[in-house]
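This is what each chain is made of:
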Amino acid sequence: MKRTRIFAALVLLISTLMPATAQVDIEKAIYQLTTHKKVDVTYSSSYDRTPSQATQSNSPMKPILEIYSFSMKNKQQKLIDNIVQAFLAQRSNPACYRIESYGASTNQDPRQWNIVYGEDEANKIEIGRNKMYNYTFVNIADQRPEAQGQYRTCYCIEWRKGAYKTDGRIIITYARIPTVAPSAPAQPLEHDPFEAFEGMFAGVDTVKMDTPIILPDGNISNFQSLLDDPLTIINALRTQLLKANGEDQVQIASMLYRIVKDAVQRDLLTADEQDMVRQQILRCIPHAAINGSDAQTTQDYLRLAAKVLEPSNPR
């Protein structure tokens, strides 16, 4: 799927709003499970060079695939719950571009995923093939200058609860973000657009790879001035929305919602500007794709953005 340069720049730009410690809670929750004295854990890993020094023989090694296989009594379930909640909390992290969950108790088949690790897209580990296993995973783009937004960390937990014991695995992979991947079917939103993860993609039985996210080269400071000028970003996104189709519209509409919400929370728009932007967004709704779930999802994001801009919305 093609991504415009302005859209890619905005994704990277917004990531600067997130503290550098956004993944600390994830690491802490994983550490609590893997070091718990009542949890049996085995560990395996694969290593590679860091992105910026991959061709240098003396460059430091970086883990690209880590697997913690665990077994514990069911009463330790809270350790898993803490990890899942830490994953889901990343929905407010602009560097997070995918969160997926499946619950074995749901009346559906899971969606299978190939989670890529390392530089080669052929290196992948599969989850979701067994419907008896729950899973949740989160993809977070690496925003360090040496990674240039071209790499991501994926945290995943997959587990099965038996009569007395729970067994599973925690998977952590670091990879170059794939440049080509099948498009995932978008789903209608339920309330906040980042809350409904359980049960998504029901009935889809094909294996999917990481969804690509292409970010621009160069220093993000080039876009820093846009942070305090939301009207420029909003106008750019509206322009791209009118040119886009299908899932491209979904991505742009979700970005528009985030920008609007941030601008209102930081009180960057006057009352007149809020009303103007709200009317502009409402006029965009009929331009969403006519058919399919992409249209519904795009319209839901636009309506959410318009709702944030309503005069009665608390600041």
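Scroll up to find the structure this text is about.
Residues numbered from 1 in each chain as written. Predicted model: local features only at pLDDT ≥ 70, side-chain atom pairs only at ≥ 80, totals over all residues. Heavy atoms only, no water.

### Some details on the pattern of salt bridges
When the charged atoms of two side chains lie near each other, side chains of opposite charge can form a pair. The following threshold applies: Salt bridges are defined by distance alone: a side-chain nitrogen of Lys or Arg within 4 Å of a carboxyl oxygen of Asp or Glu. Put simply, DSSP H or I for four residues or longer makes a helix, DSSP E for two residues or longer makes a strand, and each gets a number counted from the N terminus. Three labels apply to residues, based on accessible area from a 1.4 Å probe with only protein chains included: buried if under 20% of the type maximum, exposed if over 50%, partly exposed otherwise in between.
Summed over all chains, the structure comprises eight salt bridges. Between Arg169 and Glu158 there is a salt bridge; the shortest N-O distance is 2.9 Å. Highlighted residues: Arg169 in strand β8 (residues 165–176) and Glu158 in strand β7 (residues 151–161), separated in sequence by eleven residues. Using a relative accessible area of 21% as the deciding quantity, one classes Arg169 as partly exposed. For Glu158, a relative accessible area of 7% gives the class buried. The residue Asp262 makes a salt bridge to Arg266 at a minimum N-O spacing of 3.0 Å. Classification of Arg266 as partly exposed rests on a relative accessible area of 32%.

### Things to note about the nonpolar core
Condition: As used here, the term nonpolar core means buried Ala, Val, Leu, Ile, Met, Phe, Trp, Tyr and Cys residues forming a set that is joined through side-chain atoms within 4.5 Å. We call two residues contacting when some pair of their heavy atoms lies within 4.5 Å.
Within the largest apolar cluster, 28 residues are counted, with the highest numbers of intra-cluster contacts made by Leu237, Leu256, Val260, Ile281, Leu302 and Leu309. Contributions of two or more residues to this core are made by α4 (230–243), α5 (246–265), α6 (271–284) and α7 (292–308). At ten residues, α5 tops the list of elements feeding residues into this core. Beyond its immediate sequence surroundings of up to four residues, Leu256 is in contact with Ile234, Leu237, Arg238, Ile281 and Leu302. In this structure, Ile83, Ile140, Tyr155 and Ile157 belong to the second largest nonpolar core, which totals 25 residues.

### Quick look at the pairing of strand β3 (residues 96–102)
Under the convention used in this document: Whether two strands pair comes down to DSSP finding at least two bridges between them.
By the criterion of burial, β3 is predominantly enclosed, with seven of the seven residues buried. For β3 and strand β6 (residues 134–141), the ladder comprises six bridges, and the chain directions are antiparallel. By the bridge assignment for β6, Glu100 is matched with Phe137.

### As for the packing of α4 against α5
For any two helices packed against each other, one specifies the crossing angle of their axes together with the interaxial distance. Keep this limit in mind: Only the stretch in contact is used when fitting a helix axis, every axis being a line fitted to C-alpha atoms; angles between N-to-C directions are given from 0 to 180 degrees. Roughly parallel means an angle under 35 degrees; roughly antiparallel, over 145; roughly perpendicular, 65 to 115; everything else is oblique. For any helix crossing, the convention is left-handed if the near helix is rotated counterclockwise from the far helix by under a right angle, and right-handed if that rotation is clockwise. Only Asp, Glu, Lys and Arg are considered charged in this grouping, and only Ala, Val, Leu, Ile, Met, Phe, Trp, Tyr, Cys and Pro are considered nonpolar; every other residue, Gly among them, is considered polar.
Running from amino to carboxyl end, α4 crosses α5 at an angle of 165°, the nearest separation of the two axes being 10 Å. Between α4 and α5, the crossing angle belongs to the class labelled roughly antiparallel. Here the hand of the crossing between α4 and α5 comes out left-handed. Here α4 contributes Pro230, Ile233, Ile234, Leu237, Arg238, Gln240 and Leu241 to the contact with α5, which in turn contributes Gln249, Ile252, Ala253, Met255, Leu256, Ile259, Val260 and Ala263. Considering only residue class, the contact of α4 with α5 consists of twelve nonpolar, two polar and one charged.

### Section: helix α3 (residues 77–88)
Stated precisely, the cut-off is as follows: In a helix, the anticipated span is given by 1.5 Å times the number of residues less one.
The end-to-end C-alpha distance of α3, which contains twelve residues, comes to 17 Å, matching closely the 16 Å that a straight helix rising 1.5 Å per residue would cover. When we look at burial in α3, the residues that qualify are Gln77, Leu79, Ile80, Ile83, Val84, Ala86, Phe87 and Leu88.

### Remarks on α4
The end-to-end C-alpha separation of α4 is 20 Å, in line with the 20 Å expected for 14 residues at 1.5 Å each. Looking only at α4, the buried set comprises Pro230, Leu231, Ile233, Ile234, Leu237, Arg238, Gln240 and Leu241.

### What to know about the side chain of Thr153
Looking at where Thr153 falls in the secondary structure, it is placed in strand β7. Residues contacting Thr153, with those up to four places away along its chain left out, are Gln23, Val138, Asn139, Ile140, Ile172, Thr173 and Tyr174.

### Quick notes on the pairing of strand β4 (residues 113–116)
Neither face of β4 is open: one carries Trp113 and Ile115, the other Asn114 and Val116, and all of them are buried. As judged from the four bridges shared by β4 and strand β5 (residues 124–127), these two strands associate in the antiparallel manner. Directly across from Val116, in β5, lies its bridge partner Lys124.

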